[in-house]
Amino acid sequence: MQLSLIRDVWITHNQPDGAKPGHQGHKSMQLIPRLYYKIRKWTKAIQLYLVIAGPGLVVMIADNDAGGITTYASTGAKYGYHLIWFLLLLIPIAYYVQEMTVRLGAVTKRGHAEAIFDGFGAFWGWFSLIDLMIVDWLTLVTEFIGMTSALSIFGIPPWATVTGVVLLMGTIVMNGRYWTWEKIAMLFCVLNLIYIPGAFMVNASVSDILKDGFIPHFPGGFNGELFFFLMANIGTTIAPWMLFFQQSSVVDKGLQEKDIPWGRFDTLLGSALTVLVAVFIIIVTGTVLHGVEIDSASQAAEYLMKTNHLVGTFMAIGLFNAGLLGAICISLATSWAFGEIFGWAHSLNQNIKEAPWFYASYFLTLITSGLVVLIPGAPLVLITLFVQVVAVTLLPAALVFLILLLNDKKHMGDYCNTTWDNWIGGIIVLIIVILSSLYGISVLFPNMFQ
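Thresholds, definitions, all that
- Residues numbered from 1 in each chain as written.
- Predicted model: local features only at pLDDT ≥ 70, side-chain atom pairs only at ≥ 80, totals over all residues.
- Heavy atoms only, no water.
- Helix = DSSP H or I, 4+ residues; strand = E, 2+ residues; numbered from the N terminus.
- Expected span 1.5 Å × (residues − 1).
- Buried < 20%, exposed > 50% of the residue type's maximum accessible area, 1.4 Å probe, protein only.
- Salt bridge = Lys/Arg side-chain N within 4 Å of Asp/Glu carboxyl O.
- Patch = residues over 30% accessible without salt bridge, like charges linked within 9 Å, V, L, I, M, F, W, Y side chains within 5 Å.
- Areas by Shrake-Rupley, 256 points an atom, 1.4 Å probe, with all protein chains shown as cover.
- Contact = heavy atoms within 4.5 Å.
- Polar contact = N/O pair within 3.5 Å; in protein donor to acceptor, adjacent residues only side chain to side chain.

Peer 1: Can you help me understand helix 13 (residues 224-237) in this one?
Peer 2: Count 3.6 residues to each turn of an α-helix, and residues three or four apart come out pointing the same way. With 14 residues, helix 13 extends 20 Å from end C-alpha to end C-alpha; this agrees with the ideal 20 Å at 1.5 Å per step. Where burial is concerned, most of helix 13 is hidden: 12 out of the 14 residues are buried. The complete set of buried residues in helix 13 reads Leu226, Phe227, Phe228, Phe229, Leu230, Met231, Ala232, Asn233, Ile234, Gly235, Thr236 and Thr237.

Peer 1: Mind showing me how you'd approach the pattern of salt bridges here?
Peer 2: It is possible for side chains bearing opposite charge to pair when their charged atoms get close. For the coordinates displayed, the defined rule picks out five salt bridges. Salt-bridge contacts for glutamate 99 lead to arginine 264; the nearest nitrogen and oxygen are separated by 2.8 Å. Linking glutamate 99 in helix 6 (residues 84-108) with arginine 264 in helix 15 (residues 260-288), this pair joins segments that are 165 residues apart in sequence. Judged by relative accessible area, glutamate 99 falls into the buried class, the value being 4%. Using a relative accessible area of 29% as the deciding quantity, one classes arginine 264 as partly exposed.

Peer 1: Mind showing me how you'd approach a nonpolar patch on the surface here?
Peer 2: Nonpolar side chains collect at one region of the surface, where Trp126, Ile130, Met133, Ile134 and Phe342 lie side by side and expose about 440 Å² of accessible area between them. The element best represented in the nonpolar patch is helix 8 (residues 122-152), accounting for four residues. Looking at the secondary structure, you find isoleucine 134 in helix 8.

Peer 1: Where do I start with the environment of arginine 103 in this structure?
Peer 2: When you line up the elements, arginine 103 lands in helix 6. The exposure class of arginine 103 is buried, given its relative accessible area of 2%. The sequence separation of arginine 103 and glycine 263 amounts to 160 residues, and the corresponding C-alpha distance is 8.5 Å. If we skip the residues at most four places from it in the chain, arginine 103 touches Ile260, Arg264, Leu406, Met412, Tyr415, Cys416, Asn417 and Asp421. Of note is the side chain of arginine 103, whose polar atom sits 2.8 Å from the backbone oxygen of tyrosine 415.

Put into structure tokens, the structure is as follows:
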């Protein structure tokens, strides 16, 4: 009925004078139903994606956490636009790594920790879990560092920030619905884009960005400091906790094999957005603070406020949001992993009475990491940068487990890794191992790369 009405209205207003039915006017008339069906098809596709979207976007954007913001801000201040090309290379790398967790979770219906225990036995299972626990806890400390330092700019004391964040995160997870938690997390993901308008407000030179940022080169040559920054940028874009989080998220959301194409698109979009935000942060600090020694994103925000108060405010708000979003995801990655290993109920679709140990481990990890920030004299800046390097050092082992699991034809079936997937995964592992080794050599022999 609606389509007939569209046809009648179109014929009345668009048929040429003297046109005969079945002639040129009739051919033109056929464009309307075609256009209608195309629009309806695309509308349904968008609606389907919005239902499935979440795990890929959240995990990738959450990877721009407090430690990541500090890393990007420090990179821009130290090297200007010169390492933008390196960050762009991380888009396909991040996608290929995280895409494997989509397939693994949708096909096996098991979280990453459970998959490792089942596939490689208790020894390697505990090895990966302990790695995850250490890196996640240290990374959570950096999230609280970022949040407390960001709100300190506005006069809010650290103890109030830690208390408020714990209460807020507790409220978010204890609603008994994965869907509700994910939509709240997506709102924080949108706020993560606040750095983009800030980059346009500093009047950066587009020609300088293109000239300095898009041609691969190593500013200052090979040295230990450059290796440190390269590893920190890799570690904040691809981290072990992300593998555990996204696979468990796919399982908890209930994605099926038929949803894998949309899950891949979700991950690709998230990969592009996380690097896009990182590039804009580098543009901001590379334009305004190039050559200034920056130890943290909060320090960058304070410096920016002196030249452009609004841009500095954006940086501070974005830093708090990044820390909160990172904490939301990392704390869940640990709790999901513990639940999978010990056989506890471990779904956000279960309330605290149904999954007491899941929520107990969640709050224990959250509270203990928050208390570290309140210790007087704790080396918070050093911890923030060090964690990124530790994460990338432990990443190769996690990637090897992931690749081996994706080559299990018995469990993965048609979604098993192809030869091309294995080559890409192997090259990624090799690059990370080489960078880690070069960094270690540069520390032992600091004059070797001068």
